[in-house]
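# Fold and contact review
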Amino acid sequence: MMMILNEDITESDEYEESDEEESDEEESDEEEDDEEEQNEVFEIIINKIRYYVTDQKNGDIYKIIENDEVGDKIGKLKDGKPFFIFT
């Protein structure tokens, strides 16, 4: 009878571990949602060219590439004025 009890404890430990794994997965999903919110971009036009920016006053400037996706970082906005990086 003692062996059955030990097996039950082992099984319950396994269930607790799977609950912890599910909890970890939920936390990582929440972190991904937070990251997506932090990566929000806005479209602006500078000299008749469309760009994405992370903030409309002080943020990074990104190229817009195929399918309106965010491209490489090409500059910064400081107090609403664009400063481009030349490489």
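Residues numbered from 1 in each chain as written. Predicted model: local features only at pLDDT ≥ 70, side-chain atom pairs only at ≥ 80, totals over all residues. Heavy atoms only, no water.

## Details of unusual backbone geometry
- Within the chain, Asn47 stands out as a residue other than glycine whose phi angle is a positive 50°.
- Along the chain, Asn47 falls in the loop between strand E1 (42-46) and strand E2 (49-53).
- Looking at Asn47, the relative accessible area reads 70%, which means it is exposed. (Helix = DSSP H or I, 4+ residues; strand = E, 2+ residues; numbered from the N terminus. Buried < 20%, exposed > 50% of the residue type's maximum accessible area, 1.4 Å probe, protein only.)

## A few points about the sheet that holds strand E3 (residues 59-65)
- Within the open sheet, the 5 strands sit side by side as E1-E2-E3-E4-E5. Their pairing is antiparallel. Edge positions in the sheet fall to E1 and strand E5 (81-84), since each has one partner strand and no second. The average undirected angle you get between the axes of adjacent strands in this sheet is 45°.
- The pairing of E1 with E2 spans 5 bridges and is classified as antiparallel. (Pairing = 2+ DSSP bridges. Axes fitted to C-alpha atoms, helices over the stretch in contact; angles between N-to-C directions.)

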